[in-house]
Amino acid sequence: MLENFKLHNWSLRWKSIIILSILTMLPIASISTMFFYQSNKILQQQVIDTSYRNLNVVTSNFNGVIQDIEDISEYIIFSDEFYRFMTLTPDTVSQGEINQLNESLRGFFTFHLSNKPYFNSVTVKGNNGLIINKGETVKNSEETWMEQAEDLNGSILWTNPYQIESGWPPEKTRVVSLFRIINSTRDPSESIGEVRIRLNEKELYNFIRNEAIDEKHEFFIMRENGLILSHKKKEKTGSFVEKSFADKITQSNQSIFQYSINREKSHIVSEKVEDFYLVSVVKEKFVLEELSEIRNIMKSIVIATVALALIAIIGFFITILRPIMELIRETKRVEKGDFQARVKVRSNDEIGNLGSRFNNMVSQVQFLIDTKYKLEIRNKESEMKALQSQINPHFLYNTLDMIRWSARLENAAETGKSIEDLSRIFRISLSDGKLWITLNEELKNVHSYLELQKRRLGGKLSFLVIKEAGLEHTLMMKIILQPLVENSIKHGFSNHSKENFIYIRAYAVNQEELIIDVIDNGKGVDCNRINSIFSSDHCKHEGFALRNINERITNAFGPCFGLEAKEHTGTLIRIYLPLVYGEKQLNLFLERKGQNG
């Protein structure tokens, strides 16, 4: 039953429909999803960046207001006129002089009232009982705030928003005020009066916002305890935000973050000015509204692409599948012996050419059947067997051992040693078909090879093979070093006048990597050219042995391992191998490499 659902059992028609659908629908869905995701991400970032820039403008405006009002209180402290007004004794000064001083100081506040739309009123009161009022007259008590200011002993107190009554008929206005005790500059511990500067909360909000914050963005000023100092919605001014939200703003090091307000995801940008927090909130739904137009465009593109894909599928069926299905039907007729089968050729493309050749083939076969009664089938089987002498490896080992012992009995020690080296090379090369041998065995193999070459060259070759202690039983591919040594003898020492020397060293790096260096003092090589042979398929006519070794290593262990030519006097070929102990570790390494691709 399940066999019918396997892909190779499906008809070409269904395969084509499914493949074309995947090739069209999947990219459309992927690109649409990715485009929408990226657009949403970019738009969100743009909204956040815009909110951050706009909030910086608002912060600058608010900071300027706070600084201006605090500077006014500082001026009152250090002004000689204000000092005289708050310290003079009314009984010793004429009323005319007092009125003149009062008018002069009121003129100072008139300037600020006319230039600052948020400036509501100011009251300066000396301990001598003299009072200056400028702006709207406050009818309700503010003593609670004044008591808090007295506790601060001359430091500034910014109040929470509260309502005052002024004018006739009485009007309620919400204000945020600065309260401060005025201490004498001559004796800072002596209080000489107080100042109250009231700012119209609504006008302050409009002034600092100044259209920098979009209407879709919620903006408010908050105290550290979560109290909303100013908000465009009057009912929210004076209320508290959620404690977790306030803690996130006041305690987090992030000025930009996401937060769910009333289960609605929002982007928050905040800035701190003294003990005030300016907060801009952009709800996620506003970002999604901006994306609605992009969604509509993407829907149109998807619908148009799907329509084109359907047209392409229908066109593919008519121009490609239908002729192939006709060819299959006519081929079945030929299988049954009906050589009148023909296909209708509708085009001059490859499909039409295939139909024409099918018709020609059927006609030719019919002609051969009609002109020949029987085709002679000659099945000549070659009964000749190639006579090959098949040498059993064990027979070869035993024979070489017999010759070696015969040479020793005949006192031909050098000949016996050469036969022993040759026997070791054969033993390692065959090694019962094993691919992996220990480093010790590989070094013994190359040592035997070098001994044979040394005798062949009549002592003109010297060598040194060393390894780091503890690496004897690490596993590696066999016959890696012998071709490199052979390369050095064959190419590195040609027309070489010095004593030929080959140095092989094996050592571990970080207990993870086995490094083997094959170094000679020959004429040297172009390292860039040799390394390009390892990494390029365009140099197959040269460096076959080196490329073969490199490919064997990289195919087994991955591109991080292999051969590399290094700059050196002479030639240095460095082999990079993983440090592997035992077949279990080797199999785990090869399985991991296979899973990683």
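Just above, that's the structure.
The present account deals with the structure reproduced in this document. (Residues numbered from 1 in each chain as written. Predicted model: local features only at pLDDT ≥ 70, side-chain atom pairs only at ≥ 80, totals over all residues. Heavy atoms only, no water.)

With that out of the way, let us pick up the pattern of salt bridges. Throughout the structure, instances matching the rule amount to 18 salt bridges. Note that E142 is salt-bridged to R198, the shortest N-O span being 2.9 Å. Taken as a pair, E142 in the loop between strand 2 (131-135) and helix 4 (143-151) and R198 in strand 6 (residues 191-200) lie far apart in primary sequence, 56 residues in all. For E142, a relative accessible area of 3% puts it in the buried group. In this structure, D517 and R574 form a salt bridge, with 2.7 Å as the shortest nitrogen-oxygen distance. Taken together, the residues D517 in strand 16 (residues 513-520) and R574 in strand 18 (residues 571-578) connect sequence positions 57 residues apart. Of the two residues, D517 and R574, both sit in the buried class. Residues joined by salt bridges that share partners form a network here, namely E142, E143, E194, R196 and R198. (Salt bridge = Lys/Arg side-chain N within 4 Å of Asp/Glu carboxyl O. Helix = DSSP H or I, 4+ residues; strand = E, 2+ residues; numbered from the N terminus. Buried < 20%, exposed > 50% of the residue type's maximum accessible area, 1.4 Å probe, protein only.)

Right, let's get into the pairing of strand 5 (residues 171-183). Within strand 5, 11 of the 13 residues are buried, leaving the element largely enclosed by the surrounding structure. As judged from the 5 bridges shared by strand 4 (residues 162-166) and strand 5, these two strands associate in the antiparallel manner. Bridge pairing links E165 to K172 in strand 5. In the sheet, strand 5 pairs with strand 6 via 9 bridges, with the strands oriented antiparallel. (Pairing = 2+ DSSP bridges.)

For the pair helix 13 (residues 527-535) and helix 14 (residues 544-557), interaxial distance at closest approach is 9 Å and the crossing angle is 50 degrees. In this view, helix 13 runs oblique relative to helix 14, as classed from their interaxial angle. Crossing of helix 13 over helix 14 shows right-handed handedness. Along the contact surface, helix 13 presents I530, I533 and F534, while helix 14 presents L546, R547 and N550. (Axes fitted to C-alpha atoms, helices over the stretch in contact; angles between N-to-C directions. Parallel < 35°, antiparallel > 145°, perpendicular 65-115°, else oblique. Left-handed = near helix turned anticlockwise from the far one by under 90°. Contact = heavy atoms within 4.5 Å.)

Right, let's talk about helix 2 (residues 80-87) for a bit. Within helix 2, the full set of buried residues consists of F82, Y83, F85 and M86. The arc that holds the buried residues of helix 2, viewed along the axis, is 165 degrees, so those residues lie on one side. Residue S79 occupies the N-cap position of helix 2, its side-chain oxygen lying 3.3 Å from the main-chain nitrogen of E81. (Arc of directions from axis to C-beta. Polar contact = N/O pair within 3.5 Å; in protein donor to acceptor, adjacent residues only side chain to side chain.)

Further remarks concern the sheet that holds strand 16. The strand order across the open sheet formed by 5 strands is 13-15-16-18-17, and the pairing between neighbours is mixed. Looking at strand neighbours, the two that pair on one side only are strand 13 (461-467) and strand 17 (562-566), the edges of this open sheet. Sheet twist, expressed as the mean angle between neighbouring strand axes with direction ignored, is 15 degrees. Where strand 13 lies against strand 15 (residues 500-509), 7 bridges are found, and the strand directions are parallel. Across the sheet, residue F463 finds its bridge partner in strand 15, namely I502. Packing of helix 14 onto the sheet brings it into contact with strand 17 and strand 18, and relative to strand 17 it is tilted by some 130 degrees.

Within this model, the largest pocket holds a volume of roughly 350 Å³. When residues of the lining of the largest pocket are traced back to their parent elements, those giving at least two are helix 12 (481-492), strand 16, helix 13, helix 14 and strand 18. When residues in the lining of the largest pocket are grouped by element, the largest group, 5 residues, is from helix 12. Its residues assigned to classes, the lining of the largest pocket comprises 9 nonpolar, 7 polar and 4 charged. (1 Å grid on protein atoms, 1.4 Å probe; cavity = no way out; pocket = protein on both sides within 12 Å on 5 of 7 lines; lining within 4 Å. Points joined across faces, edges and corners; volume = space filled by probe spheres on them. Nonpolar A, V, L, I, M, F, W, Y, C, P; charged D, E, K, R; others polar.)

Attention now moves to the sheet that holds strand 8 (residues 228-231). With antiparallel pairing, 5 strands are arranged side by side in an open sheet as 8-7-11-10-9. Two strands close off the open sheet at either side, each with one partner strand: strand 8 and strand 9 (256-261). If you compare each strand with its neighbour and ignore which way they point, the axes differ by 30 degrees on average. Sheet analysis places strand 7 (residues 218-223) next to strand 8, joined by 3 bridges and oriented antiparallel. Residue pairing in the sheet places I221 in a bridge with S230 of strand 8. Contacts between helix 5 (residues 201-209) and the sheet are confined to strand 7 and strand 8, with strand 8 contributing the most and set at about 70 degrees to the helix. Contacts between helix 6 (residues 243-251) and the sheet are confined to strand 7, strand 9, strand 10 (264-273) and strand 11 (276-283), with strand 9 contributing the most and set at about 175 degrees to the helix.

The next thing to look at is the pairing of strand 2. The sheet contact formed by strand 1 (residues 119-126) and strand 2 spans 5 bridges and is antiparallel. Within strand 2, the residue paired with V122 across the bridge is K134. Counted between consecutive antiparallel strands, the loop separating strand 1 from strand 2 contains 4 residues, among which G129 sits at a positive phi close to 95 degrees.

A word on unusual backbone geometry. Phi is positive for N153, close to 55 degrees, though the residue is something other than glycine. Secondary-structure assignment places N153 in the loop between helix 4 and strand 3 (157-158). For N153, a relative accessible area of 54% puts it in the exposed group. Backbone geometry at Q511 places phi at a positive 55 degrees, although glycine is not the residue there. For Q511, the position within the fold is in the loop between strand 15 and strand 16.

The set of residues buried in helix 6 consists of F245, A246, I249 and T250. Summarising the axial view, the buried residues of helix 6 lie within an arc of 120 degrees, below the 170-degree limit, and thus occupy one face. Residues K243 and Q251 are exposed on helix 6 and point more than 90 degrees away from its buried face. Against the buried residues of helix 6 lie strand 7, strand 9, strand 10 and strand 11.

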